[in-house]
Amino acid sequence: MQPNLLWTSTSMYQICRICCNTESQYIFQEKLLNHLVRYYECNICGYVQTETPYWLEEAYDSAINDCDTGIISRNQICSRRATNLCALLNIKNDYILDFAGGYGIFTRLMRDIGFNVLWQDKYCNNLFAKGFIFNGQNVKLLTAFEVFEHLESPANILDEMFDISSNIFFSTLLIPEPAPKIEEWWYYGQKHGQHIGFYRKKTLEYIANKYNKNLYSYRSEIHFFSEKKFPKIFFWALMKFNFLFFVFSRKRVSSKVWSDYLEIEKKNENKI
């Protein structure tokens with residue numbers, strides 16, 4: 001679609017929200033929710049972004065959009081993969097933070113397995129992990145599943161994440177190159193309007209270089225910024241055969257279901 005002739009020349013460019021000092025070039029405009037939205041692509045890092053997202057209050061009428069039918073199955077798979085990664089990193093009793101953790105499903109699943117996972121989310125109610133909230137603890141691993149594509153100021157949030165932990169395990173679906181039309185790629189989130197930034201492999205490589213981290217990816221969906229370097233085949237195998245490795249890696253820890261119950265009971269007694 002050709003740009004509107006009434007646009008100013010500056011409408012053809014926007015500052016990249018990852019690089020922060022380079023211009024992203026206009027690639028198309030399409031309908032998002034009920035708005036005609038411009039999309040831009042950075043020639044340096046490959047990040048594809050919407051124009052400044054003025055529609056987010058409308059998009060986040062509910063923190064978890066109604067289209068997210070995979071929320072339970074995704075958290076189950078992510079909990080297996082995270083358990084396998086913890087085995088690789090020798091994490092047992094260290095704190096883990098689920099950043100922007102939504103309803104707390106992943107936090108509860110991981111605590112059920114046996115990990116000391118905490119919850120944090122500025123925009124969503126904690127339904128399943130009450131009592132296990134991040135309050136500045138020393139964190140060994142930060143997880144952020146289906147978060148990166150929602151970030152309005154990703155450069156600032158990445159600074160915040162890496163201040164919390166040197167290891168970030170996350171999921172986001174990488175955008176193909178060239179950028180597909182909006183009707184050809186479901187991950188644009190045309191109906192809910194919450195996805196406002198899209199990454200490529202070179203975007204993640206740019207971030208890894210900026211923060212001096214090692215990047216590991218499984219297909220185009222799940223990724224890991226690590227302070228440690230190890231053979232990439234290890235990460236690939238743990239993600240690919242997640243259920244097989246999970247059978248063994250979960251045996252390193254013991255479930256916190258009962259101990260969490262006792263802890264919450266004690267907290268409730270102290271409130272009386």
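None of the values given here were measured: they were computed from a predicted structure.

**Considerations on helix H5 (residues 201-210)**
Consideration 1: Of the positions making up H5, those classed as buried are Thr203, Leu204, Ile207 and Ala208. For H5, the angular spread of buried residues about the axis comes to 140 degrees, placing them on one side.

**Things to note about empty space enclosed by the protein**
Consideration 1: Considering all chains together, one arrives at one cavity of 30 Å³ or more under this definition.
Consideration 2: In this structure, the largest cavity spans a volume of roughly 40 Å³.
Consideration 3: Around the largest cavity, the lining residues are Ile18, Ala155, Leu158, Tyr206, Ile207, Lys210 and Tyr211.
Consideration 4: Secondary-structure elements contributing two or more residues to the lining of the largest cavity are helix H4 (154-164) and H5.
Consideration 5: Examining the composition of the lining of the largest cavity, we find that three residues originate from one element, H5, more than from any other.
Consideration 6: Across the lining of the largest cavity, the residue classes break down as six nonpolar, no polar and one charged.

**Concerning the nonpolar core**
Consideration 1: Phe99, Phe148, Met161, Tyr199, Ile207 and Phe225 are the most contacted members of the largest nonpolar core, which totals 32 residues.
Consideration 2: At the level of elements, strand S5 (95-99), strand S7 (139-145), H4, strand S8 (168-171) and H5 are the ones that each hand at least two residues to this core.
Consideration 3: Considering every element that reaches this core, the biggest residue donor is H4, with five residues.
Consideration 4: Residue contacts for Phe99: discarding those within four places in its chain leaves Gln120, Leu142, Thr143, Ala144, Val147, Ile157, Glu160, Met161 and Ile164.
Consideration 5: Grouped together as the second largest cluster of nonpolar side chains are 25 residues, Ile91, Phe169, Ile222 and Val253 included.

**Here's the deal with the sheet that holds strand S10 (residues 214-218)**
Consideration 1: Across the sheet, which stays open at both edges, the six strands sit in the order S6-S5-S7-S8-S11-S10 with mixed pairing between neighbours. Edge strands, defined here as strands with exactly one partner in the open sheet, are strand S6 (116-120) and S10. Each strand axis lies, on average, 20 degrees off the axis of its neighbour in the sheet, ignoring direction.
Consideration 2: Here S5 runs beside S6; their pairing, made up of five bridges, is parallel. Looking at S6, one finds that Tyr95 is bridged to Asn116.
Consideration 3: Against the sheet, helix H6 (residues 232-240) engages S8, S10 and strand S11 (222-226), with an angle of about 35 degrees to S10.

**Notes on the environment of Tyr40**
Consideration 1: Here Tyr40 lies in strand S3 (residues 35-42).
Consideration 2: For Tyr40, a relative accessible area of 1% gives the class buried.
Consideration 3: Along the backbone, Tyr40 and Leu56 are 16 residues apart, and their C-alpha atoms lie at a distance of 18 Å.

**Structural notes on a nonpolar patch on the surface**
Consideration 1: On the surface, a cluster of nonpolar side chains totalling about 960 Å² of accessible area is made up of Leu88, Ile233, Phe234, Trp236, Phe241, Phe243, Leu244, Phe245, Val247 and Phe248.
Consideration 2: When residues in the nonpolar patch are grouped by element, the largest group, five residues, is from helix H7 (residues 242-249).
Consideration 3: Residue Phe234 is classed as partly exposed on the basis of its relative accessible area, which comes to 41%.

**Comments concerning the sheet that holds strand S9 (residues 197-198)**
Consideration 1: Reading across the sheet, the five strands line up as S1-S2-S3-S4-S9 and stay open at both edges, with antiparallel pairing between neighbours. Across the chains shown, the open sheet's two edge strands, defined by having one partner strand only, are strand S1 (13-15) and S9.
Consideration 2: Strand direction decides the pairing type here: S3 and strand S4 (residues 48-50), joined by three bridges, are antiparallel. When the bridges of S4 are listed, Glu41 appears paired with Val48.

**Regarding unusual backbone geometry**
Consideration 1: The step from Glu177 to Pro178 runs through a cis peptide bond, and the omega angle for that step is 0 degrees.
Consideration 2: Within the secondary structure, Pro178 sits in the loop between S8 and S9.
Consideration 3: In this structure, Asn90 is a non-glycine residue whose phi angle is positive, near 60 degrees.
Consideration 4: The exposure class of Asn90 is exposed, given its relative accessible area of 57%.
Consideration 5: Here Arg219, not a glycine, exhibits a phi torsion of approximately 50 degrees, which is positive.
Consideration 6: When you line up the elements, Arg219 lands in the loop between S10 and S11.
Consideration 7: By relative accessible area, Arg219 is classed as exposed at 57%.

The rules behind each value
- Residues numbered from 1 in each chain as written.
- Predicted model: local features only at pLDDT ≥ 70, side-chain atom pairs only at ≥ 80, totals over all residues.
- Heavy atoms only, no water.
- Buried < 20%, exposed > 50% of the residue type's maximum accessible area, 1.4 Å probe, protein only.
- Helix = DSSP H or I, 4+ residues; strand = E, 2+ residues; numbered from the N terminus.
- Arc of directions from axis to C-beta.
- 1 Å grid on protein atoms, 1.4 Å probe; cavity = no way out; pocket = protein on both sides within 12 Å on 5 of 7 lines; lining within 4 Å.
- Points joined across faces, edges and corners; volume = space filled by probe spheres on them.
- Nonpolar A, V, L, I, M, F, W, Y, C, P; charged D, E, K, R; others polar.
- Core = buried A, V, L, I, M, F, W, Y, C linked by side-chain atoms within 4.5 Å.
- Contact = heavy atoms within 4.5 Å.
- Pairing = 2+ DSSP bridges.
- Axes fitted to C-alpha atoms, helices over the stretch in contact; angles between N-to-C directions.
- Patch = residues over 30% accessible without salt bridge, like charges linked within 9 Å, V, L, I, M, F, W, Y side chains within 5 Å.
- Areas by Shrake-Rupley, 256 points an atom, 1.4 Å probe, with all protein chains shown as cover.
- Salt bridge = Lys/Arg side-chain N within 4 Å of Asp/Glu carboxyl O.

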